[in-house]
Structures are given as C-alpha cells and as structure tokens.
Amino acid sequence: MKSAVETLNPTRVRLTVEVPFEELKDSLDAAYKKINQQVTVKGFRKGKVPARVIDQRFGRGAVLEEAVNDALPKFYTDAVNEAELSPLGQPEVDITELKDGETLNFTAEVDIRPAIEIPDYSGIEVEVDAVEVSDEDVDKSVEQLRERFASTSPVERAAEDGDVVTIDLEAKVDGEVLEDGVASDVSYTIGSGELLDGIDDAVKGVEAGGEATFTSELKGGSAAGKEAEVTVKVTQVAKRELPELDDEFAQLASEFDTLEELRADSRKRLENMKQYDQATQAQERVLEKLLELVEVPVPEKLLEDEINTRKHNLEHHQLGQMGLDLAKYLEIQGKTEEEFETETREAAVKGIKTQFVLDELVKQEKLNVNQEELTEHLMRRAASSGMSPDQFAQAVVEQGQVPLLVGEVARGKALAVVVEKATVKDTNGEIVDLEDEEEDEATEAPATTEAESTEAPAEEKTEG
C-alpha cells in the first residue's frame with residue numbers, strides 16, 4: 001500500500017491511497033465466506049459453493065464490493081497512522097479506481113487536529129478578586145442559619161409579608177380547570193418568590209378561610225407558558241418566629257458553645273469559599289490569556305457539531321426540565337435569536353480551542369494521569385450527575401468513555417501548570433498563592449466541548 005497526504009487547509013487533509021490487489025486477498029476470502037453462508041445453490045451444500053460459481057450466479061462485482069467495504073477501514077487507518085495524523089470525525093471516502101486483479105485506489109478527506117505551537121506562557125499576569133469577608137457577610141451567613149431554625153405559630157389575623165400560609169390552589173386556562181392545576185395544603189412563605197408571580201399580592205391581607213383570584217403565567221406543567229386564572233384559598237396563617245441570637249442558639253444550631261465561636265467558624269467557611277472562587281477565577285482568566293497567545297484554527301464541521309450539541313442539550317435537557325422552550329427562554333433572558341446564535345458559536349469556539357491547546361500542553365509537558373487522580377475525578381463527576389460512583393463508573397466503562405475522563409483530568413493538570421507559572425494578583429495588588437487550591441482542583445477539567453461532556457455519559461463526538 002502507498003499513501004500520500006495533501007493539506008487542504010490547516011484542519012483538513014486528503015489522503016490518496018493505492019492498494020495492490022494482492023493485499024485484498026484476506027478481504028476477498030472473507031467476502032466469499034460471508035456470501036457462502038447467505039446463499040443456497042442447488043447441487044452444493046450450504047457454505048460449500050465454489051468461488052467461480054458465486055461469481056457466475058451473483059456476480060464478481062458483489063464479491064468485490066463486499067471485500068472493499070471490509071478492507072477500507074484498515075487501509076484508511078494504516079494511512080492515517082503512517083502520516084501520523086490525528087483525525088476528527090469520520091472521513092469522506094471516494095473510490096477512484098477499482099480494477100479487478102490489479103489495484104484499488106481511493107481518497108479520504110477528513111478533519112484533523114491542527115498543528116499548534118504553544119508560545120512561552122510564563123509571563124501571563126491576571127487580576128482576581130481579593131478574599132475579604134466583612135462583618136456584614138458573617139451577619140448574613142448567621143442570619144441564614146437562624147432562618148433555618150425558625151418556628152411558626154398560627155395567628156388570628158390577615159397574612160403579612162414573611163408569614164407562612166397554608167393554601168389550596170386551583171388554576172384555570174380558558175375557563176377549564178387543569179388536571180395538574182390543583183394543589184392542597186401547600187405551605188408558602190410570603191415574599192419567598194418560590195411559587196407563581198402575583199401570589200404574594202394576592203394572599204397578603206387575606207385571613208384564614210378567605211380566598212383571592214389572580215392571573216399568572218404558569219411556569220411548568222401541561223400549560224407551561226400560558227396565562228392562567230388562579231384561585232388561592234388560605235386555610236391557615238402562621239407567624240414565623242426566629243430564635244434569639246445568643247449562646248443557646250449557637251448550641252442548638254452547631255457544635256459550638258458560644259455565638260462568638262459560631263461567628264468565627266462562619267467567617268472561616270466564607271473565607272474558604274472565597275478562596276475557592278478566587279482559584280476558579282484565576283484558572284478562568286489565565287486560560288483566557290493563554291488562548292489569546294495561541295493561534296488555533298477550528299475545523300468547521302467540528303464547530304457545527306459542537307454548536308448543535310450545545311443547542312440540543314439546552315433545549316431538550318436544561319430547558320425541558322424547567323418546562324420552557326427556547327423562545328420563552330430567550331424572552332426571559334432578554335436576548336434575540338441572533339444574539340443567542342452568536343453567543344453559542346463563541347462558546348463552542350472557545351470550548352474547542354481550549355481542548356486543543358490543553359491537549360497540546362499535555363503532550364508538551366508529558367503529563368500523565370494516575371489511578372488515584374482518575375478515581376477522584378470520577379467521584380466528582382458522579383456527584384454532579386446525580387449517580388452513585390459505581391453507577392457512573394459502569395456507565396463510563398460500558399460507553400467506552402474512560403479515555404474521555406482521562407483527557408479531562410489531563411487537561412485540568414495542564415492548566416494547573418500554566419496557572420503555577422502565571423503571576424496572579426488580587427484587587428489589592430497582593431500576590432496570590434494558589435498552591436493549595438491548585439492541588440484540590442488539579443484533576444478538574446477547566447472546560448470541555450459539550451459533545452464530550454461526561455456529566456451524563458454520552459457518545460463521544462469530538463474524536464473520530
């Protein structure tokens with residue numbers, strides 16, 4: 001076999017392959033054997049029909065077609081390996097010449113990973129938010145904990161903001177009560193915004209036994225997005241009572257003996273959260289600077305696949321769970337369809353460029369992924385997918401996505417190398433030491449194309 005490579009553009013090549021006919025022998029033998037098992041010829045036992053009889057009865061062309069279809073993947077793979085290419089997706093194959101007993105010639109056009117040159121990135125500088133926890137932040141945190149330990153007691157008065165009301169609901173669309181539009185004994189805190197728009201104004205001022213009617217757009221269910229006439233009946237009004245902020249509350253709500261100790265712990269927790277956010281922010285900004293340094297051509301077919309995957313995931317998974325369609329989502333976001341298309345394309349381009357650059361860094365820095373790192377990453381992915389680690393691991397193995405997970409971990413490590421060499425300062429001008437945070441996040445992939453996402457195991461589309 002002989003092959004040659006023609007570069008069509010930085011992300012696409014055409015392979016020209018010439019195969020001597022004798023190299024088709026194994027595939028021809030396999031073709032005759034397969035046809036033998038499928039046909040019946042009078043005078044011959046099944047599977048024992050001679051090749052010449054098959055040629056006469058069914059045509060030599062059928063045999064050649066079967067043999068070529070069997071042989072092409074191997075010859076294509078050999079040509080790709082010989083040229084040391086990294087193909088993306090499936091090739092477009094064209095048989096240019098097939099002469100029985102002489103030769104098989106074909107071409108294969110395929111997208112490839114572009115050659116990327118990573119420049120010196122040690123001079124990258126970024127600014128991140130300073131880790132500052134104010135007394136107000138601590139007050140808010142303690143108040144949220146206090147809210148969780150609030151108690152309620154029924155009152156004989158009209159409902160007010162902050163009260164907890166027990167209500168029955170009935171929704172009508174076009175005068176008809178919806179099958180899924182009736183609910184009883186619903187507990188609702190006025191002002192929480194957790195139910196329908198307009199319900200707060202409707203129930204405020206209503207006593208137990210009273211009712212009110214209001215109009216609201218339904219957020220979910222069979223009539224999601226439609227205007228409904230909603231009748232709400234208040235069956236109980238209860239006042240929320242918060243515990244006193246003292247040492248007794250600290251003992252009730254935590255393992256601490258004093259309120260001072262509880263506040264100190266809240267401050268430490270907030271600092272840890274902000275340090276994590278700061279490390280994430282540093283990663284994102286260093287990545288943006290790195291991408292600015294590297295010229296990365298993007299294969300158009302790969303880009304279109306990525307855009308379509310992002311749209312599909314949004315429309316059929318994220319929005320579907322919220323009872324929204326794309327039109328309603330854009331209305332809520334205040335975006336036009338053109339703006340949405342532009343943002344989706346930009347995000348897809350960034351995702352692909354990120355993957356290409358970090359994969360190149362993995363090779364350049366000779367980074368490897370050990371079993372412990374892979375296991376930790378798998379545990380995180382399982383948690384985010386809502387599956388148990390065992391279930392997630394089984395799904396990953398069954399769908400052949402272990403290399404995908406390894407790639408995510410490796411890319412996370414590659415970005416950690418760049419962040420380590422970057423200068424990171426906070427908004428106060430202080431140098432930020434991210435060493436501890438980097439150790440925690442080193443196995444987290446900073447970005448991946450959605451076509452590859454393993455948050456819910458799915459078929460890999462980026463690599464062919």
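All values derive from a computational prediction rather than experimental measurement.

Talk me through the overall build of the protein chain; I want residue IDs and the actual numbers.
What the protein chain contains, in helices and strands, is 14 helices and 11 strands. Against the globule reference of 23 Å for 464 residues, the protein chain gives a C-alpha radius of gyration of 32 Å, more extended than a compact globule. Along the first, second and third principal axes, the C-alpha atoms of the protein chain reach 100 × 65 × 40 Å. Within the span of the protein chain, comprising 464 residues, buried residues form 39% of the whole. For the protein chain, the share of sequence-separated contacts (at least 6 apart) that also reach a separation of at least 24 residues comes to 69%. Working note: accessible area of the protein chain is about 26,500 Å², and carbon and sulfur atoms make up 45% of it. With 51 positive and 108 negative side-chain charges, the protein chain shows a separation of 9 Å between the mean positions of the two kinds.

Talk me through the UniProt feature "domain: PPIase FKBP-type" (unreviewed entry) in the protein chain; I want residue IDs and the actual numbers.
In the numbering used here, UniProt assigns the "domain: PPIase FKBP-type" (unreviewed entry) feature to residues 162-215. Strand forms 54% of residues 162-215 and helix 9%; the C-alpha atoms that close the span are 22 Å apart.

Can you break down the sheet that holds strand 4 (residues 103-112) residue by residue, with the values?
Spatial strand order, 1-2-4-3: four strands in an open sheet with antiparallel pairing. The open sheet has two edge strands, strand 1 (2-9) and strand 3 (87-99), and neither has a second partner. Between one strand axis and the next, the sheet turns through 20° on average, direction left out of account. Bridge analysis of strand 2 (residues 12-20) against strand 4 gives nine bridges, and the strand direction is antiparallel. By the bridge assignment for strand 4, V13 is matched with V110.

Pulling in residues and values, what's your account of the environment of V39?
Among the structural elements, V39 can be located in the loop between helix 1 (25-38) and helix 2 (51-58). Once residues within four sequence positions are removed from consideration, V39 is found in contact with K46 and F58.

Just give me the short version of a negative patch on the surface, but keep the residues and values in it.
Among the surface-exposed residues, D247, D257, E260 and E261 lie close enough to one another that they form a single negatively charged patch. Mapped onto the elements of the fold, D247 is located in helix 6 (residues 247-253). The class for D247 is partly exposed, based on a relative accessible area of 39%.

Can you tell me about the pattern of salt bridges, naming the residues and giving the values?
Per the counting criterion, the structure on display carries 33 salt bridges. In this structure, D78 and K74 form a salt bridge, with 2.8 Å as the shortest nitrogen-oxygen distance. Placement of the pair is D78 and K74 together in helix 3 (residues 60-83), with a separation of four residues, close to one helical turn. Using a relative accessible area of 29% as the deciding quantity, one classes D78 as partly exposed. We classify K74 as exposed; its relative accessible area is 51%. K99 serves as the salt-bridge partner of E97, at 3.3 Å between the closest nitrogen and oxygen.

For the packing of helix 11 (residues 371-385) against helix 12 (residues 389-398), give the residues involved together with the corresponding values.
The contact between helix 11 and helix 12 brings their axes to 9 Å, and the two run at 105°. If you check the angle between helix 11 and helix 12, you find them roughly perpendicular. Here helix 11 contributes L378, M379, R381, A382 and S385 to the contact with helix 12, which in turn contributes P389, F392 and A393. When the residues that make up the contact of helix 11 with helix 12 are grouped by side-chain class, the tally is six nonpolar, one polar and one charged.

So what's going on with the pairing of strand 1? Which residues, and what values?
Regular strands show a simple pattern: their side chains alternate between the two faces of the sheet. Here seven bridges tie strand 1 to strand 2, and the two strands are oriented antiparallel to one another. Looking across to strand 2, one finds that S3 is bridged to V17. Turn length for the strand 1-strand 2 hairpin, with the two strands adjacent in sequence and antiparallel, is two residues.

So what's going on with the nonpolar core? Residues and values would help.
Note on soluble globular proteins: their nonpolar side chains tend to be buried together. Core analysis: the largest hydrophobic core is formed by 37 residues, its most contacted members being Y121, I124, V286, L290 and L361. The set of elements that each furnish at least two residues to this core consists of strand 5 (125-128), helix 7 (259-293), helix 8 (300-322), helix 10 (337-364) and helix 13 (402-421). By residue number, the principal contributor to this core is helix 10, which donates seven residues. Setting aside anything within four residues of it in sequence, one finds Y121 in contact with L290, L293, L361, Q364, E365, V417, V418 and K421. Core analysis: the next-biggest nonpolar cluster, separate from the first, contains 31 residues, L24, A31, V63 and V110 among them.

Cut-offs applied
Residues numbered from 1 in each chain as written. Predicted model: local features only at pLDDT ≥ 70, side-chain atom pairs only at ≥ 80, totals over all residues. Heavy atoms only, no water. Helix = DSSP H or I, 4+ residues; strand = E, 2+ residues; numbered from the N terminus. Rg over C-alpha atoms; globule rule 2.2 N^0.38 Å. Buried < 20%, exposed > 50% of the residue type's maximum accessible area, 1.4 Å probe, protein only. Contact = heavy atoms within 4.5 Å. Areas by Shrake-Rupley, 256 points an atom, 1.4 Å probe, with all protein chains shown as cover. Lys, Arg positive; Asp, Glu negative; His and termini not counted. Charge placed at Lys NZ, Arg CZ, Asp CG, Glu CD. UniProt positions renumbered as here; feature names shortened; annotations may be inferred. Pairing = 2+ DSSP bridges. Axes fitted to C-alpha atoms, helices over the stretch in contact; angles between N-to-C directions. Patch = residues over 30% accessible without salt bridge, like charges linked within 9 Å, V, L, I, M, F, W, Y side chains within 5 Å. Salt bridge = Lys/Arg side-chain N within 4 Å of Asp/Glu carboxyl O. Parallel < 35°, antiparallel > 145°, perpendicular 65-115°, else oblique. Nonpolar A, V, L, I, M, F, W, Y, C, P; charged D, E, K, R; others polar. Core = buried A, V, L, I, M, F, W, Y, C linked by side-chain atoms within 4.5 Å.

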